[in-house]
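Given next are the chains, with one letter for each unit.
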Amino acid sequence: MTRYEEIAAELRARMDADPPRYPIGSRLPGYGPLTDEFGVGRGVLTEALGLLALEGRIKVADRSGAVVLDPAQPPESIDVGTTVRRNDLGYIFNAAAGHWRPITTPPRRWLPAPPHIARLLDVPKGSEILQRHRVIGPDGRAVLIADSYLPDLARGTILEEASTGPGGIYDRLEHDLGHGPLTWTRTTGARAATPEQARELGIPRGAALLVLTRITHSGTTGRPVEVNITYVDGGRFAVEDIISRDETAHWPTTPATAENRPGQPQ
């Protein structure tokens, strides 16, 4: 067992003690006291805390320390269903996030399109595209990162501004730039958090992120006019979908044949 695994095991035992030394909702001691107690450097302690965070035992934040979590608490669901909704702020794709707002002024920049973004936007690799970076959540708490990438059609428009007005970029694309009605496709994946993403979301480096990639298509040309990639803490959230039956599985079904019926002798 490595030293950081030994430290994680000791901290885990303290959380599970009866009564617990570190109960749910409490904070672990800071880096200084823990490195002194265990006689290790900050890097080893970071590895130990990162292991506990990946197990869902703690939530690590750079400034506020590590908070002890209930490992039996299920993750919150993210509504990524097939229905787009609309409210007074514009289109929303997660009902719970209908009134979440950016934590800070969204930075914008023109940059050469990375290969995967160029492919999704159907533009030549290296073409200049506009990136809009937002850290979003309720009550000033960072919950998700959303990066929008737009092709050259955004140049010289309000899409370059921090505030794009009521309805956001989608209303501007539909009503001002003539691309309505927009349609969307989405894929769901996962990846490890970069150091910058970990800092913005208050999670350990390398923690699992859910990655929701949404492509916005013009209603007039059919071409992609935006790619939105949303990153959320995979230890805190889970994707929940409703599974429906199509006609081939309509109830009542035809009973399975004897050859396919479980438990039948062959």
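Let me begin by describing the structure that accompanies this report.

Scoring rules and cut-offs
Here the residue numbering is sequential within each chain, running from 1 through the sequence in written order. Only residues with pLDDT of 70 or above have their local features reported here, since the model is predicted, and side-chain atom pairs are shown and tallied only from 80 upward, although totals for entire chains, interfaces and linings are computed over all residues. Note: side-chain values were computed over all heavy atoms of the structure, leaving out hydrogens and water. Numbering of helices and strands runs from the N terminus, with a helix taken as a DSSP run of H or I at least four residues long and a strand as a DSSP run of E at least two residues long. Computation of the radius of gyration draws on C-alpha atoms alone. For the globule rule, the value is 2.2 Å times the number of residues to the power 0.38. Each residue gets one of three labels from its accessible area relative to the maximum for its type: buried under 20%, exposed over 50%, partly exposed in between, using a 1.4 Å probe on protein chains only. Per-residue and other accessible areas follow the Shrake-Rupley method at a 1.4 Å probe size, with only the shown protein chains counted as cover for residues. Stacked, edge-to-face and tilted are the three classes for Phe, Tyr and Trp ring pairs, Trp counted by its six-membered ring, which pair at centre distances within 6.5 Å; planes under 30 degrees apart are stacked, over 60 edge-to-face, the rest tilted. Our definition puts a charge over a ring when NZ of Lys or CZ of Arg is within 6 Å of the ring centre and also within 35 degrees of the ring normal. Lines are fitted to the C-alpha atoms to define the axes, a helix being fitted only along its stretch in contact, and any angle between axes, read from their N-to-C directions, falls within 0 to 180 degrees. If an angle is under 35 degrees, it is roughly parallel; if it is over 145, roughly antiparallel; if it lies from 65 to 115, roughly perpendicular; otherwise it is oblique. Crossings are sorted by hand: turned counterclockwise from the far helix by less than a right angle, the near helix makes the crossing left-handed, and turned clockwise it makes it right-handed. Residues are treated as being in contact if the distance between any of their heavy atoms lies within 4.5 Å. Polar here means any residue other than Ala, Val, Leu, Ile, Met, Phe, Trp, Tyr, Cys and Pro, which are nonpolar, and Asp, Glu, Lys and Arg, which are charged; Gly is therefore polar. The criterion is simple. A nonpolar core is a set of buried Ala, Val, Leu, Ile, Met, Phe, Trp, Tyr and Cys residues joined through side-chain atoms within 4.5 Å. Think of it this way: Lys and Arg go in the positive column, Asp and Glu in the negative one, and His and the chain ends go nowhere. For salt bridges, the criterion is a side-chain nitrogen of Lys or Arg within 4 Å of an Asp or Glu carboxyl oxygen. Whenever two N or O atoms come within 3.5 Å, that pair is a polar contact, provided that in protein one can donate a hydrogen and the other can accept it, and provided that, for residues adjacent in sequence, both atoms are side-chain atoms.

A count of helices and strands for the protein gives six helices and 13 strands. Relative to a compact globule of 266 residues, whose C-alpha radius of gyration would be 18 Å, the protein shows 23 Å and is clearly more extended. For the protein, the spread of C-alpha atoms along the three principal axes comes to 65 × 65 × 35 Å. For the protein, the proportion of its 266 residues judged to be buried stands at 38%. Approximately 15,200 Å² of the protein is accessible, and the part contributed by carbon and sulfur atoms is 54%.

Looking now at the packing of aromatic side chains. Counted according to the given criterion, the structure contains five aromatic pairs. Taken together, the ring pairs connect Y91, F93, Y170 and W184 into an aromatic cluster. Above the plane of the ring of W110 lies R155, whose end atom (NZ or CZ) is 3.9 Å from the centre. Seen from the ring of F93, R214 lies directly overhead, with NZ or CZ sitting 3.7 Å from the centre.

On to helix α5 (residues 168–176). Each turn of an α-helix holds 3.6 residues, which means side chains three or four residues apart point in the same direction. Among the nine residues that make up α5, seven are buried, leaving the element largely enclosed by the rest of the structure. When we look at burial in α5, the residues that qualify are G168, I169, Y170, D171, R172, L173 and E174. The positive-phi residue at the C-terminal boundary of α5 is G178, with phi of around 75°.

Helix-helix packing: each pair is described by the crossing angle between the helix axes and the interaxial distance. With their axes 8 Å apart at the nearest point, helix α1 (residues 3–16) and helix α3 (residues 42–54) run at an angle of 50° to one another. Taken together, the axes of α1 and α3 are oblique relative to one another. The hand of the α1/α3 crossing is right-handed. Residues R3, Y4, E5, I7, A8, L11, R12 and M15 of α1 touch α3, and the partners they reach there are V44, L45, E47, A48, L49, L51 and L52. For the contact of α1 with α3, a count of residues per class yields 11 nonpolar, no polar and four charged.

I117, L121, I129, Y149, I203, V227 and I229 are the most contacted members of the largest nonpolar core, which totals 22 residues. At the level of secondary structure, the elements contributing two or more residues to this core comprise α4 (115–121), β8 (128–137), β9 (144–150), α6 (195–201), β11 (208–217) and β12 (224–233). If you look at the next biggest cluster of nonpolar residues, it comprises 18 residues, including A48, L49, A66 and V68.

The next subject is the side chain of R132. Examined against the element boundaries, R132 turns out to sit in strand β8. This buried residue, R132, is left without a salt bridge; E226 holds the nearest opposite charge, at 7.7 Å. When sequence neighbours within four positions are dropped, the list of residues in contact with R132 reads P107, R108, A146, D147, S148, L150, L159, E160, E161, A162, T164 and I169.

What follows is about the packing of α1 against helix α2 (residues 31–38). Their axes nearest at 12 Å, the elements α1 and α2 cross at an angle of 115°. As far as their axial angle goes, α2 and α1 are roughly perpendicular. For the crossing formed where α1 meets α2, the hand is right-handed. Taken together, the residues of α2 that come into contact with α1 (itself represented by R3, I7, E10, L11 and R14) are L34, E37 and F38. Among the residues forming the contact of α1 with α2, the class breakdown is four nonpolar, no polar and four charged.

Take the pattern of salt bridges next. This structure, assessed with the given rule, holds 10 salt bridges. Two residues, D122 and R223, come together in a salt bridge whose shortest N-O distance is 2.9 Å. Taken together, the positions of D122 in the loop between α4 and β8 and R223 in the loop between β11 and β12 put the pair 101 residues apart, joining distant regions of the chain. Its relative accessible area of 38% is what places R223 among the partly exposed residues. D176 serves as the salt-bridge partner of R172, at 2.7 Å between the closest nitrogen and oxygen.

This next bit is on the side chain of Q131. Note that Q131 resides in strand β8. For Q131, a relative accessible area of 9% translates into the label buried. Polar side-chain contacts of Q131 include one of 2.8 Å to the side chain of R109. Beyond its immediate stretch of four places on either side in the chain, Q131 contacts P107, R108, R109, L111, D147, S148 and Y149.

With that settled, consider the environment of G189. Take G189: it is sitting in strand β10 (residues 183–192). Remark: the alpha-carbon pair of G189 and I242, spanning 53 residues in sequence, is separated by 18 Å.

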